[in-house]
Amino acid sequence: QVQLVESGGGLVQAGGSLRLSCVASGSISSINVMGWYRQAPGKQRDLVATITSGGATNFADSVKGRFTVSSDNIKNTVYLQMNSLKPEDTAVYYCNAVVWRTSTWYWGQGTQVTVSS
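We now turn to the structure provided with this report.

Calculation notes
Residues numbered from 1 in each chain as written. Predicted model: local features only at pLDDT ≥ 70, side-chain atom pairs only at ≥ 80, totals over all residues. Heavy atoms only, no water. Core = buried A, V, L, I, M, F, W, Y, C linked by side-chain atoms within 4.5 Å. Buried < 20%, exposed > 50% of the residue type's maximum accessible area, 1.4 Å probe, protein only. Helix = DSSP H or I, 4+ residues; strand = E, 2+ residues; numbered from the N terminus. Contact = heavy atoms within 4.5 Å. Pairing = 2+ DSSP bridges. Phe/Tyr/Trp six-rings, centres within 6.5 Å; stacked < 30°, edge-to-face > 60°. Lys NZ or Arg CZ within 6 Å of the ring centre and 35° of its normal.

## A closer look at the nonpolar core
Move 1: With 30 residues, the main nonpolar core has Leu4, Met34, Trp36, Leu80, Met82 and Tyr93 as its most contacted residues.
Move 2: Those elements that provide at least two residues to this core are β1 (2–7), β3 (18–26), β4 (33–39), β5 (46–52), β7 (67–72), β8 (77–82), β9 (91–99) and β11 (111–116).
Move 3: Residue contributions to this core peak at five residues, all from β9.
Move 4: Those residues in contact with Met34, other than ones at most four positions away along the chain, are Leu4, Cys22, Ala24, Thr50, Ile51, Val78, Cys95, Asn96 and Ala97.

## Let's talk about the pairing of β4
Move 1: Burial analysis of β4 places six of its seven residues in the buried class, which makes it a mostly covered element.
Move 2: Judged from the six bridges that link them, β4 and β5 form a sheet pairing that is antiparallel. Bridge pairing in β5 links Met34 to Ile51.
Move 3: The antiparallel pairing of β4 with β5 creates a hairpin that spans six residues between the two strands, and Gly42 there sits at a positive phi of about 75 degrees.
Move 4: In this structure, β4 lies alongside β9, joined through seven bridges in antiparallel fashion. Across the sheet, residue Gln39 finds its bridge partner in β9, namely Val92.

## Quick word on the packing of aromatic side chains
One pair of aromatic rings is described through two measures. These are the centre distance and the angle between the planes.
Move 1: On inspection of all chains with the given rule, the structure shows three aromatic pairs.
Move 2: Both rings, one in Tyr37 and one in Trp107, keep their centres 5.2 Å apart while their planes meet at 75 degrees; by these two values the pair is edge-to-face. Of this pair, Tyr37 sits in strand β4 while Trp107 sits in strand β10 (residues 104–107); the two residues are 70 residues apart in sequence, bridging distant segments of the chain.
Move 3: Judged by its relative accessible area of 13%, Tyr37 is buried.
Move 4: With a centroid separation of 6.2 Å and 35 degrees between ring planes, the pair formed by Trp105 and Trp107 is classed as tilted.
Move 5: A residue is classified by how much of its surface remains accessible, and Trp105, at 46% relative accessible area, is partly exposed.
Move 6: Connected via pairs of aromatic rings, a cluster forms that spans Tyr37, Trp105 and Trp107.
Move 7: The ring of Tyr94 is capped by Arg45, whose NZ or CZ atom sits 3.6 Å from the centre of that ring.
Move 8: Residue placement shows Arg45 over the ring face of Trp107; its charged tip is 4.6 Å from the ring centre.

Here's what the structure looks like:
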């Protein structure tokens, strides 16, 4: 089992920055990929960014050049640095961890990010 706890959401003006953090606990050695997804009201949950245990990253086209994802293995934490935020980035952001061996996806409780225009 893996537990994920996000923090760092909030209200920010357009053009501003926020950093989200996700602390993983439990069977963290089994995690192959961690990442961030977001869900706006009335919309599906979409990929934002992922990072593998080897450090490879992947980003949605809509956030490329603005968001970065990184991990601190000592702190068992994954970060999402969000710069040049836009109102359309407003959503609940969810941390995700995937264990390939068991095809299990784990989710955090979500953190709200609101970008005002």
